[in-house]
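Close look at the chain arrangement
What follows is the residue order along each chain.
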Amino acid sequence: MSRFEPILLRNLGVPNATDLTVYRSRGGYQAFEKTLRMTPDEVVQEVRAADLRGRGGAGFPAGVKWGFLPKDRTITYLCVNADESEPPTFSNRVLIETDPHQLLEGILIAGFATRATAAYIYMRNEFAEQFHILQHALDQAYAAGLFGHHIQGSGWSMECYIHRGAGAYICGEETGLIESIEGKRGWPRIKPPFPAVAGLFGKPTVVNNVETLCCLPHIMQRGASWFTGIGPKGSSGPKLFCISGPVNRPGCYEATMDITVRDLIYHRDFGQGMQNEKFVKGVYPGGLSMGVLTGEELDMRMDFDDPQRYGLLGLGTAAAVVIDEDTDVRQVLLNVARFFAKESCGQCTQCREGTGWMYKIAQRIADGAGRLQDLDILSEVTQSMGMMPGLSICGLSDGAAYAIRTLVEKFRREFEQHIRNQKPGNVERALNVVN
Ligand SMILES: Cc1cc2nc3c(=O)[nH]c(=O)nc-3n(C[C@H](O)[C@H](O)[C@H](O)COP(=O)(O)O)c2cc1C
Ligand code: SF4
């Protein structure tokens with residue numbers, strides 16, 4: 001693990017850091033001023049050279065995504081994804097409440113690079129306090145001529161609005177988010193067309209995560225090569241990691257992406273070990289959707305590539321939830337299955353029925369009425385859902401599949417033990433085979 005000077009969280013703990021004057025006194029908005037002296041294409045090139053990979057979950061390079069916008073467009077929208085509904089993720093919240101102007105500066109840089117005419121910050125409903133903090137910062141930025149018409153005499157104009165969601169996981173999916181901003185039910189759209197071509201109100205649109213945008217002022221201020229010099233190749237730049245569950249110091253920490261899951265749990269700068277020195281039974285290291293690691297797999301690096309070596313979907317939101325030796329895997333399964341069944345929007349049959357079916361099975365297993373064949377059924381259901389096999393409109397069902405399949409397969413022995421130790425007759429009663 002490399003030594004690291006905080007970048008994204010550098011203003012954490014600074015008195016009144018949410019205030020424009022304080023932000024400016026610490027070098028804030030200088031990167032944007034520098035950006036305004038460049039052409040939009042030069043800014044896109046700089047972000048491409050920095051190899052800034054999206055922090056919202058998929059890790060797609062931001063500069064490459066911006067390059068998909070049609071050259072002849074007249075209107076462009078920027079959507080800022082502050083929905084942050086992936087359990088147990090809260091790094092966007094920390095960024096917004098500790099340093100809202102850093103995000104606004106990132107929005108200005110992305111807006112300028114993409115020639116956006118309006119930016120919409122889509123914020124999850126539960127972020128009530130954070131909404132007021134961000135709105136206050138936005139009002140200050142408007143009053144200083146940083147948003148609106150003819151920004152800083154540049155001839156470029158961009159409005160910025162904060163749109164509060166009603167509280168649904170699926171509205172974090174970029175096209176569900178777009179539908180929701182348009183005032184419709186938050187259902188993901190069939191792609192293509194992709195948002196870069198026909199997004200918000202049918203116009204070319206870029207959707208970026210809060211943390212991705214917060215990296216931009218630092219890239220523009222210190223240069224792409226400085227950014228690529230931080231952390232491992234292909235996973236460069238500063239990164240926020242969340243850790244929750246029964247560790248001594250749960251929280252949100254900044255590190256380079258050569259950090260391992262073990263570092264995150266045990267290092268004195270991060271989780272500081274397990275409460276009561278319990279053993280780690282398992283960890284969901286990247287939000288639930290990426291899948292689970294066993295306690296023997298803690299050497300996984302939290303970068304964009306290593307998670308796949310452990311059978312996971314990816315780095316995801318880099319938010320780890322730790323499961324200790326006392327936790328019953330049946331309860332973990334129940335929690336995970338309930339989450340996805342409740343959050344599926346229901347458009348795709350395999351996701352709607354599959355998540356519902358898995359939840360019912362999980363419920364029976366948790367009630368002590370599971371069958372060994374249920375474990376095979378769970379695995380099979382997860383193999384026949386998701387975007388990757390080409391069966392669904394969005395990635396929610398891939399997330400459900402990875403979260404459940406990895407748990408059932410990696411902890412199969414423990415599930416089997418519980419099932420074998422059940423009271424006789426439970427299964428028959430649960431399935432109504434006998435009275
Ligand atoms: C079910 C689902 C939920 C998602 N939730 C979020 C979210 O809360 N925040 C987020 O930034 N991205 C979320 N995403 C990913 C977005 O669709 C999109 O990839 C991301 O906002 C792009 O930003 P980035 O390229 O800066 O990472 C979600 C995806 C899916 C499939
Ligand atoms: S995969 Fe699930 S959540 Fe996504 S669009 Fe289909 S039904 Fe809705």
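Since the model is a prediction, treat every value here as computed from it, not as a measurement.

Scanning the chain from N- to C-terminus turns up 18 helices and nine strands. Computed over its C-alpha atoms, the radius of gyration of the chain comes to 23 Å, within 12% of the 22 Å expected for a compact globule of 435 residues. Projecting the C-alpha coordinates of the chain onto the three principal axes gives extents of approximately 80 × 45 × 35 Å. Per-residue burial for the chain yields a buried fraction of 51% across its 435 residues.

Attention shifts here to the site of ligand 1. Around ligand 1 sit 24 residues, and of these G54, G56, G172, N209 and G395 come closest. In terms of residue count, strand β4 (residues 205–209) provides more of the shell around ligand 1 than any other element does, three residues in total. Within the shell around ligand 1, the residues separate by chemical class into eight nonpolar, ten polar and six charged.

A few words now on the sheet that holds strand β6 (residues 251–255). Whenever strands of a sheet pair, they do so through backbone hydrogen bonds, lying parallel or antiparallel. With mixed pairing, the five strands of this open sheet are ordered in space as β6-β5-β9-β7-β8. Of all the strands in the sheet, just β6 and β8 (293–294) have a single pairing partner and so form its edges.

Moving on: the environment of A403. Residue placement: A403 occurs in helix α16 (residues 396–410). Between the alpha carbons of A403 and V336 there is a distance of 7.1 Å; along the sequence they are 67 residues apart.

With that settled, the discussion passes to the domain arrangement of the chain. Where interface size is given, it is often the accessible area lost as the parts come together that is meant. According to the domain assignment, the chain consists of domain 1 (20–228), domain 2 (240–324) and domain 3 (329–430). Between the C-alpha centres of domain 1 and domain 2 there is a distance of 27 Å. Residue-level contacts link eleven residues of domain 1 with 14 residues of domain 2. Residues belonging to the side of domain 1 that touches domain 2 are distributed by class as follows: four nonpolar, four polar and three charged.

With that out of the way, let us pick up the nonpolar core. Formed by 132 residues in total, the largest nonpolar core has its most connected members in C79, V80 and I404. Residues in contact with C79, not counting those within four places in the same chain, are Y120, Y122, L177, I178, I181, L200, T205 and V207.

With that out of the way, let us pick up the pairing of strand β3 (residues 159–164). Two strands pair when backbone bridges link them, and strand β2 (residues 118–123) and β3 are joined in this way by six bridges, in the parallel orientation. When the bridges of β3 are listed, M123 appears paired with R164. In this region the chain leaves β2, passes through helix α7 (residues 128–143) and returns to the parallel neighbour β3; the handedness of that crossover is right-handed.

Close contacts around ligand 2 come from 14 residues, with C345, C348, C351, S392 and C394 the closest. For the shell around ligand 2, the secondary structure elements donating two or more residues are α14 (349–366) and α16. Across the shell around ligand 2, the residue classes tally to eight nonpolar, five polar and one charged.

A sheet is described by the order of its strands in space; here four strands give the open sequence β3-β2-β1-β4, paired in parallel fashion. In this open sheet, the two edge strands, each paired with only one partner strand, are β3 and β4. Adjacent strand axes in the sheet meet at a mean angle of 20° when their direction is disregarded. Here strand β1 (residues 77–82) pairs with β4 via five bridges, running parallel. What sits directly across from N81, in β4, is N209. Docked against the sheet, helix α8 (residues 174–181) engages β1, β2, β3 and β4, running at close to 110° with respect to β1.

Once that is clear, we can look at unusual backbone geometry. With omega at -5°, the peptide bond leading from K191 into P192 counts as cis. Relative to the elements of secondary structure, P192 occurs in the loop between α8 and β4. Each neighbour pair has its own omega, and for P192 with P193 the value is 5°, a cis peptide bond. Assignment of secondary structure puts P193 in the loop between α8 and β4. In this structure, E84 is a non-glycine residue whose phi angle is positive, near 35°. When you line up the elements, E84 lands in the loop between β1 and α5 (91–98).

Turning our attention to α7. The terminal C-alpha atoms of α7, which comprises 16 residues, lie 23 Å apart, in line with the 22 Å expected from a rise of 1.5 Å per residue. What α7 keeps buried is the set Q130, L134, A137, L138 and A141. Each buried residue of α7 sits inside an arc of 105° when the element is viewed along its axis, so together they form one side. Structural note: α7 exposes A128, E129, H132, D139 and A143 on the side pointing more than 90 degrees away from its buried face. Close packing links the buried residues of α7 with α1 (20–25), α5, α6 (100–114), β2 and β3.

Rules used in this analysis
Numbering of residues begins from 1 in every chain and follows the order in which that chain's sequence is written. To label them, take the chains in the order written and letter them from A, then take the ligands in the order written and number them from 1. Predicted model: local features are reported for residues with pLDDT of at least 70 only, side-chain atom pairs are reported and counted for 80 or more only, and whole-chain, interface and lining totals are derived from all residues. The helix and strand labels rest on DSSP assignments: H or I over at least four residues marks a helix, E over at least two residues marks a strand, and numbering proceeds from the N terminus. This radius of gyration counts C-alpha atoms alone. The globule rule is 2.2 Å times how many residues there are, raised to the power 0.38. Any residue surrounded by 20 or more other C-beta atoms within 10 Å of its C-beta is treated as buried, while 12 or fewer makes it exposed and the intermediate range makes it partly exposed; C-beta atoms here are placed from the backbone. Only the C-beta atom matters for nearness: placed from the backbone, it must lie within 6 Å of the molecule or strand for the residue to count as near. Any residue outside Ala, Val, Leu, Ile, Met, Phe, Trp, Tyr, Cys, Pro, Asp, Glu, Lys and Arg is labelled polar, Gly included; the first ten of those are nonpolar and the last four are charged. Between any two strands, at least two bridges found by DSSP are needed for them to pair. An automatic or database domain assignment is the source of the domain bounds shown. The contact criterion used here is simple: two residues whose C-beta atoms, placed from the backbone, lie within 7 Å are in contact. In this usage, the nonpolar core is the set of buried Ala, Val, Leu, Ile, Met, Phe, Trp, Tyr and Cys residues whose C-beta atoms join them within 7 Å. Here a crossover is taken to be right-handed if, once the strands point away from the viewer, the path from the first strand over the helix to the second is traced clockwise. Here an angle of 0 to 180 degrees is reported between the N-to-C directions of two axes, which are lines fitted to C-alpha atoms, with helices fitted over the stretch in contact. Between the first and last residue of a helix there are one fewer steps than residues, each counted as 1.5 Å, and that sum is the expected span. Arc definition: it is the arc formed by the directions from the helix axis to the C-beta atoms.

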